[in-house]
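Chain and residue survey
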Amino acid sequence: MAIREILTDQDPALHKKCHSITQFDQKLGDLIDDMRETLEDAGGAGLAAPQVGILRRVVVLYDGEDELLELVNPELIQEEGEQDGLEGCLSVPGLWGYVKRPERVRVKAQDRRGNWFETGGEGVVARCFCHEIEHLDGHVFTEHVDRIYNNEEIEEILEREGRKGK
């Protein structure tokens, strides 16, 4: 396993649509393992393959029980409700914004061996599913915000709201 470089928003790879995975082999397993290690090292909530320069439909993210999920060829199949919440991104370091997302989602995906399964989440987990799957279509959260906040502004907002940290 290896920690890969996380691309920033200026990289063209983050703005391209990813290709589906058709071969479930060791190369895919290595990519997923590297993405897991990269995400853990970066301390994020989720990571999509284009963020490490690979234009394939692969995501790793934490679910509601803090388990790391591996999603290959993920698709949002159900969305319910609405929430407006704060988002950041490992590819847009130090910048934040409020984004409207569904409150609950269901996702259909394959595992590293090609087996289909369904999963889902609500609240922050639903937000993370949407955020990471959008990366696979070449989008970043900043496309949805009216205003971008820097770290200092977010700290002030969180302090006013009685929350600590990001």
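Everything discussed here concerns the structure shown above.
1. Considerations on the packing of aromatic side chains
Tallied over the entire structure, the rule returns one aromatic pair. Above the plane of the ring of Trp 116 lies Lys 108, whose end atom (NZ or CZ) is 4.8 Å from the centre.

2. Considerations on the nonpolar core
Membership of the largest hydrophobic core comes to 16 residues, with the highest contact counts inside it found for Val 59, Leu 61, Leu 71, Val 105, Val 107, Phe 129 and Leu 136. Contributing elements (two or more residues each) for this core: strand 2 (58-62), strand 3 (68-80), strand 6 (104-110) and helix 2 (124-135). The biggest single contributor to this core is helix 2, with six residues. Setting aside anything within four residues of it in sequence, one finds Leu 71 in contact with Arg 57, Val 58, Val 59, Leu 61, Ala 109, Gln 110, Phe 117, Thr 119 and Phe 129. Of all hydrophobic cores here, the second largest spans 13 residues; its members include Ile 21, Leu 31, Leu 47 and Val 52.

3. Here we look at the pairing of strand 2
Residues in a regular strand project their side chains so that they alternate between the two faces of the sheet. When you tally the buried positions in strand 2, you get four out of five residues, the bulk of the element. Counted between consecutive antiparallel strands, the loop separating strand 2 from strand 3 contains five residues, among which Asp 66 sits at a positive phi close to 65 degrees.

4. Let's talk about helix 3 (residues 151-160)
Looking only at helix 3, the buried set comprises Ile 154, Ile 157 and Leu 158. Projected down its long axis, helix 3 shows its buried positions confined to an angular sector of 95 degrees, all on one face. Set apart from the buried face of helix 3 by more than 90 degrees, the exposed residues are Glu 152, Glu 159 and Arg 160. Elements in contact with the buried residues of helix 3: strand 4 (83-89), strand 5 (92-101) and strand 8 (149-150). A distance of 3.0 Å separates the backbone nitrogen of Glu 152 from a side-chain oxygen at the start of helix 3, and that oxygen is part of Asn 150. Once helix 3 ends, the next one or two residues include Gly 162, with phi positive near 80 degrees.

5. Overview of the sheet that holds strand 2
Ordered by their spatial adjacency, five strands build an open sheet running 1-2-3-6-7, and the pairing between neighbours is antiparallel. Pairing within the sheet leaves two strands with one partner each, and these edge strands are strand 1 (46-48) and strand 7 (116-122). For this sheet, the mean angle separating the axes of adjacent strands, direction not counted, is 40 degrees. By the bridge criterion, five bridges tie strand 2 to strand 3 in an arrangement that is antiparallel. Looking at the pairing, Val 58 lines up with Val 72 of strand 3. Contacting strand 1, strand 2 and strand 3, helix 1 (residues 26-42) crosses the sheet at an angle of about 35 degrees to strand 2. Sheet strands touched by helix 2: strand 1, strand 2, strand 3, strand 6 and strand 7. Its angle to strand 7, the strand with the most contacts, is close to 125 degrees.

6. Things to note about the sheet that holds strand 5
Within the open sheet, the three strands sit side by side as 4-5-8. Their pairing is antiparallel. Here the strands that pair on one side only, and so sit at the sheet edges, are strand 4 and strand 8. Sheet topology note: the strand 4/strand 5 ladder contains six bridges and is antiparallel. Paired with Gly 85 across the two strands is Val 99, which belongs to strand 5.

Rules used in this analysis
For every chain, the first residue of the written sequence is number 1, and numbering continues from 1 along that sequence. Per-residue local features of the predicted model are confined to residues with pLDDT of at least 70, and side-chain atom pairs are confined, for both listing and counting, to 80 or more; whole-chain, interface and lining totals are unaffected and use all residues. Water and hydrogen atoms play no part in the side-chain values, which are based on all heavy atoms of the structure. Planes of paired rings set the category: under 30 degrees apart is stacked, over 60 is edge-to-face and the rest tilted, where pairs are Phe, Tyr or Trp rings (Trp by its six-membered ring) whose centres lie within 6.5 Å. Only when the NZ atom of a Lys or the CZ atom of an Arg is both within 6 Å of the ring centre and within 35 degrees of the ring normal do we say a charge sits over the ring. The nonpolar core is taken to be a set of buried Ala, Val, Leu, Ile, Met, Phe, Trp, Tyr and Cys residues, with the residues joined through side-chain atoms within 4.5 Å. In this scheme, a residue with accessible area under 20% of its type's maximum is buried, one over 50% is exposed, and one in between is partly exposed, where area comes from a 1.4 Å probe on protein chains only. Secondary structure elements follow DSSP: runs of H or I no shorter than four residues count as helices, runs of E no shorter than two count as strands, and numbering proceeds from the N terminus. Here, two residues are considered to be in contact whenever any of their heavy atoms come within 4.5 Å of each other. In this analysis, strands are considered paired if DSSP registers two or more bridges between them. Starting at the helix axis, one direction is taken to each C-beta atom, and the arc is that of these directions. Throughout this description, a polar contact denotes any pair of N or O atoms lying within 3.5 Å of each other; where both atoms belong to protein, one of them has to be capable of donating a hydrogen while the other can accept it, and for residues adjacent in sequence the pair is counted only when both atoms sit in side chains. A fitted line through C-alpha atoms represents every axis, and for helices the fit uses only the stretch in contact; the resulting angles, taken between N-to-C directions, go from 0 to 180 degrees.

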